[in-house]
Amino acid sequence: MKTPFVTKELIEDITKTYPTPFHIYDEKGIRANARRLYEAFSWNKGFKEYFAVKATPNPSILKILHEEGCGTDCSSMAELVMSEKVGIKGNDVMFSSNDTPIEEFAFAGKIGATINLDDITHIPFVEEACGGIPKRVSCRYNPGGVFTLGESKEGFQVMDNPGDAKYGMTKAQLMEAYKTLKEKGAEEFGMHAFLASNTLSNEYYPALAKILFELAVEIKEVTGVQLSFINLSGGVGIAYDPKGTENDIYAIGEGVRKVYEEVLVPAGMGNVSIFTELGRFMMAPYGHLVTKAIHEKHTYKEYIGVDACAANLMRPAVYGSYHHITVLGKEDAPLDYTYDVTGSLCENCDKFAIDRKLPKIDMGDYLVIHDTGAHGFAMGYNYNGRLWSAELLLREDGSVTEIRRAETIDDYFATLDGFWDAI
Ligand SMILES: *Cc1c(COP(=O)(O)O)cnc(C)c1O
């Protein structure tokens, strides 16, 4: 059972000022969740979450998370600039990019971000971009192969394919990289790896931690480099489908602590800081896409057309992802209708739900599409001339603030200013 953090009454009130569709975020939920994460890892003195900006690139959200002790994980110029404009810089910024343009390394260096090198060939590249190797630097590891967890009759609990992923260095390259970085004057070192996405298992982080902790011990033995931080990156998931079991962040924190005690502490590395770069886990449940039913269509199937489309939330269209839907005001009504809920794009994949059991939907009903707080608005686009929606924030005191206005048709045409005469 998924309960929206908004009511029909609140949405009716909000739409007097801000028409649908819009994304709305829940400040109270965001803060409470961030506090749980910090509590779960409070056993580690240097623990820090670097929020993956790409999940929800909005300055007001970054500010809230920064107030809760989080830094930012950036991967592009715009994300670095946004972070810096919010006042998040220096050691509070991780720059985990790949295939990176030189200006972005230069800017990351200028604001003191910790650069996480995706490849060994980036060492001379960063040297050139930053006028030397930064004092604090990190390397991204890719163990290759297939990463699996928890085999059962239903298959693996987690399965992903690092060997096919473009990110990170091999172990041999990693060893070489640390040696070179040390020779070039780096003083503080970290390691990072991202092996699986949206995992629904309390075992993922501990399993990743074991791989990285054992490697950290080996790095110390082989190169003499003692890591000061290990970045478990993102990948802790959420249950989009209410039938799934949510991760327990306390069990995850405890699982990582056990491996830390088993592997790092006996190797004299009990002062290594644990970093995370969570995106989805920090934000997904605390965002809704709110949309209105504007058409019903009865052909070979029953369709409900809404005023949002895949340009506002692409996950169902491109990944076939499940996003739960609540019809506001009908939370307790029987689910005795079966609908495809569609957007307006001229693409048949533009469906927020297929054959979904829902209560009878009437024109003008408001639908909450759940778990859009991460990789929702962020993955928007302008296909079919659809415009970006507004982003709203439900404050802790119950008031609502607009934190990004909706795009207008003038915004859409702004990049053509000055070109009309040349036609
Ligand atoms: C996307 C990404 C994250 C965040 O991933 P989530 O699955 O949203 O937690 C963290 N680090 C890097 C380098 C990423 O690319």
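Just so we're clear, the structure is a prediction, and the values are computed from it rather than from any experiment.

Definitions and cut-offs
Starting afresh in each chain, residues are numbered from 1 along the sequence in its written order. Note on the predicted model: pLDDT of at least 70 is required for a residue's local features to be given, and 80 or more for side-chain atom pairs to be given and counted; whole-chain, interface and lining totals, by contrast, use all residues. Side-chain numbers come from the whole structure's heavy atoms, not from hydrogens or water. Salt bridges are defined as contacts in which a side-chain nitrogen from Lys or Arg sits within 4 Å of a carboxyl oxygen from Asp or Glu. Numbering goes from the N terminus for both helices and strands, where a helix is a DSSP run of H or I of at least four residues and a strand is a run of E of at least two. Here the rule is simple: two strands pair whenever DSSP picks up at least two bridges between them. What counts as an axis is a line fitted to C-alpha atoms, over the stretch in contact for a helix, and the angles between N-to-C directions run from 0 to 180 degrees. It only takes one pair of heavy atoms within 4.5 Å for two residues to be counted as in contact. The pocket and cavity definitions rest on a 1 Å grid over protein atoms only: a 1.4 Å probe that fits but cannot leave marks a cavity, an open set with protein on both sides within 12 Å along at least five of seven lines marks a pocket, and residues lining either have an atom within 4 Å of a point. Grid points are joined across faces, edges and corners, and a volume is the space filled by probe spheres set on the points. Classification used: nonpolar for Ala, Val, Leu, Ile, Met, Phe, Trp, Tyr, Cys and Pro, charged for Asp, Glu, Lys and Arg, polar for all others including Gly. We define the nonpolar core as a collection of buried residues of types Ala, Val, Leu, Ile, Met, Phe, Trp, Tyr and Cys that are connected through side-chain atoms lying within 4.5 Å of one another. Under the scheme applied here, a residue whose accessible area is under 20% of the maximum for its type counts as buried, over 50% as exposed, and between as partly exposed, the area being computed with a 1.4 Å probe on protein chains only. As used in this structure description, the phrase polar contact means that two N or O atoms lie within 3.5 Å; if the pair is within protein, one of them must be able to donate a hydrogen and the other to accept it, and residues adjacent in sequence are counted only when both atoms belong to side chains.

Caption draft 1: Just the pattern of salt bridges, in detail. What the rule picks out here adds up to 27 salt bridges. Put simply, Lys8 and Glu12 hold a salt bridge, and the shortest N to O gap is 3.8 Å. With Lys8 and Glu12 both in helix α1 (residues 8-14) and 4 residues apart, the pair spans about one turn of that helix. A salt bridge links Asp365 to Lys330; the shortest N-O distance between them is 2.6 Å.

Caption draft 2: How the structure looks around the sheet that holds strand β10 (residues 229-231). The 8 strands are arranged β2-β3-β4-β5-β6-β9-β10-β11 in a closed barrel whose pairing can be described as parallel. Between one strand axis and the next, the sheet turns by 25° as a mean value, whatever way the strands run. Examined bridge by bridge, strand β3 (residues 71-74) and strand β4 (residues 93-95) share 3 bridges and lie parallel to one another. Residue pairing in the sheet places Asp73 in a bridge with Met94 of β4. On top of the sheet, helix α4 (residues 77-85) reaches β3 and β4; it is set at about 165° to β3, its chief contact.

Caption draft 3: Structural context of the layout of surface pockets. What the largest pocket holds in volume is close to 790 Å³. If you trace the largest pocket, you find 32 residues lining it, with Lys54, Arg140, Tyr167, Phe194 and Ser197 closest to the centre. Put simply, the parts of the chain that give the lining of the largest pocket at least two residues each are β3 and α11 (315-319). Residue composition of the lining of the largest pocket, grouped by class: 12 nonpolar, 11 polar and 9 charged.

Caption draft 4: Fine view of the nonpolar core. Membership of the largest hydrophobic core comes to 88 residues, with the highest contact counts inside it found for Phe41, Met191, Tyr205, Phe213 and Met282. At 10 residues, helix α8 (residues 204-223) tops the list of elements feeding residues into this core. Those residues in contact with Met282 that lie beyond four places of it in its chain are Asn33, Ala34, Leu37, Glu49, Phe51, Leu65 and Cys70. Counting 16 residues, the second-largest nonpolar core is a separate cluster that includes Leu313, Val341, Ile361 and Ile369.

Caption draft 5: Summary view of the side chain of Asn142. Relative to the helices and strands, Asn142 is located in the loop between β6 (136-140) and β7 (147-152). A polar contact of 3.0 Å, which involves the side chain of Asn142, links it to the backbone oxygen of Pro162. Separated by 2.8 Å, the side chain of Asn142 and the backbone oxygen of Tyr167 make a polar contact. Ignoring sequence-local partners within four residues, the contact set of Asn142 consists of Pro162, Gly163, Ala165, Tyr167, Gly168, Met169 and Thr170.

Caption draft 6: Examining the pairing of strand β13 (residues 302-306) more closely. Extensive coverage of β13 is indicated by the burial of 4 of its 5 residues. The pairing of strand β12 (residues 287-298) with β13 spans 5 bridges and is classified as antiparallel. Across the sheet, Lys297 pairs through a bridge with Tyr303, a residue of β13. Turn length for the β12-β13 hairpin, with the two strands adjacent in sequence and antiparallel, is 3 residues. Here β13 runs beside strand β15 (residues 337-342); their pairing, made up of 3 bridges, is parallel. Across the sheet, Ile304 pairs through a bridge with Val341, a residue of β15.

Caption draft 7: Fine view of empty space enclosed by the protein. Following the criterion strictly, the structure yields 1 cavity of 30 Å³ or more and no others. Of the pockets and cavities examined, the largest cavity occupies roughly 40 Å³. As for the largest cavity, its lining consists of Arg140, Tyr141, Asn142, Pro143, Pro162, Ala165, Tyr167, Phe194 and Leu195. Here the lining of the largest cavity is composed, by residue class, of 7 nonpolar, 1 polar and 1 charged.

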